[in-house]
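Overview (structure and organization)
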Amino acid sequence: MLIGELSRRTGVSARLLRYYEEQGLLESRRAPNGYRHYDEESVVTVRQVRALLDAGLTTEVIRVVLPCTEGERMGIDWCAPLRALLDRELAAMDERIHGLQRSRSTLAGYLAQP
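What comes next concerns the included structure. (Residues numbered from 1 in each chain as written. Predicted model: local features only at pLDDT ≥ 70, side-chain atom pairs only at ≥ 80, totals over all residues. Heavy atoms only, no water.)

A look at the overall build of the protein
From N to C terminus, the protein includes five helices and four strands. Here the C-alpha radius of gyration of the protein, 19 Å, is well above what a compact globule of 114 residues would show, namely 13 Å. Seen through its principal axes, the protein has C-alpha atoms that stretch 70 × 40 × 20 Å. Going through the 114 residues of the protein one by one, you find that 29% of them count as buried. Considering only intrachain contacts with a sequence separation of at least 6, the fraction spanning at least 24 residues in the protein is 45%. Of the roughly 7800 Å² of accessible surface on the protein, a fraction of 53% belongs to carbon and sulfur atoms. Of the side chains in the protein, 16 bear a positive and 16 a negative charge, and the two mean positions are spaced by 6 Å. (Helix = DSSP H or I, 4+ residues; strand = E, 2+ residues; numbered from the N terminus. Rg over C-alpha atoms; globule rule 2.2 N^0.38 Å. Buried < 20%, exposed > 50% of the residue type's maximum accessible area, 1.4 Å probe, protein only. Contact = heavy atoms within 4.5 Å. Areas by Shrake-Rupley, 256 points an atom, 1.4 Å probe, with all protein chains shown as cover. Lys, Arg positive; Asp, Glu negative; His and termini not counted. Charge placed at Lys NZ, Arg CZ, Asp CG, Glu CD.)

Regarding the nonpolar core
Note that soluble globular proteins tend to have their nonpolar side chains buried in a common cluster. Of all hydrophobic cores here, the largest spans 21 residues; its most connected members are Leu6, Leu17, Tyr20, Leu26, Val46, Ile62 and Val65. Leu17 has contacts with Ile3, Leu6, Ser7, Val12, Leu26 and Val46, leaving out every residue within four places of it along the chain. (Core = buried A, V, L, I, M, F, W, Y, C linked by side-chain atoms within 4.5 Å.)

Looking at the side chain of Ser42
The residue Ser42 is located in helix H3 (residues 41-54) in this model. Residue Ser42 is classed as buried on the basis of its relative accessible area of 4%.

A word on the pattern of salt bridges
Considering all chains together, one arrives at three salt bridges under this definition. Between Arg9 and Glu40 there is a salt bridge; the shortest N-O distance is 2.9 Å. Placement of the pair is Arg9 in helix H1 (residues 3-10) and Glu40 in the loop between strand S2 (36-37) and H3, with a sequence separation of 31 residues. Look at Arg9 and you get partly exposed, because its relative accessible area is 29%. On the basis of relative accessible area, Glu40 is assigned to the exposed category, the value being 51%. (Salt bridge = Lys/Arg side-chain N within 4 Å of Asp/Glu carboxyl O.)

Regarding H1
Of the residues making up H1, those classed as buried are Ile3, Leu6, Ser7 and Thr10. For H1, the buried positions fall inside an angular range of 100° around the axis, keeping them on one side. Remark: Gly11 follows H1 within two positions and exhibits a positive phi of approximately 75°. (Arc of directions from axis to C-beta.)

Some details on the packing of H1 against helix H2 (residues 14-22)
Interhelical geometry of H1 versus H2 gives an angle of 105° and a closest axis separation of 9 Å. In terms of orientation, H1 lies roughly perpendicular with respect to H2. Contacts from Ile3, Leu6 and Ser7 in H1 reach Ala14, Leu17 and Arg18 in H2. (Axes fitted to C-alpha atoms, helices over the stretch in contact; angles between N-to-C directions. Parallel < 35°, antiparallel > 145°, perpendicular 65-115°, else oblique.)

A few points about a nonpolar patch on the surface
A surface patch of nonpolar side chains, amounting to about 380 Å² of accessible area, comprises Leu107, Tyr110 and Leu111. Its location among the elements puts Leu107 in helix H5 (residues 80-112). (Patch = residues over 30% accessible without salt bridge, like charges linked within 9 Å, V, L, I, M, F, W, Y side chains within 5 Å.)

Side note on the environment of Ser7
Tracing the chain through its elements places Ser7 in helix H1. Expressed as a C-alpha distance, the spacing of Ser7 and Cys79, which sit 72 residues apart in the sequence, is 32 Å. Of note is the side chain of Ser7, whose polar atom sits 2.6 Å from the backbone oxygen of Val12. (Polar contact = N/O pair within 3.5 Å; in protein donor to acceptor, adjacent residues only side chain to side chain.)

Okay, structure coming up:
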């Protein structure tokens, strides 16, 4: 399928699909005319990428996780390095949340002053 069809089927813009390809998250074949052609599995791959982005992962981390995913329901083949990577990502996310909570508390304190 062409990029427009993949975009239509996934709800992801052609621009983002090209970006995913640049990041090594999506593969296409090039026709002699230069058009990108995607296979049926690309629909699942794009949905997996979107789900992993929604989970707060970067494209760099997704590049590592993606080969271990299965199907649209995001089954993951857990190997020790992958679990360790995602544990680190979760800890970093928790730290960012904690920092935001501290900032919010400070700002709320300023706003509470007369």
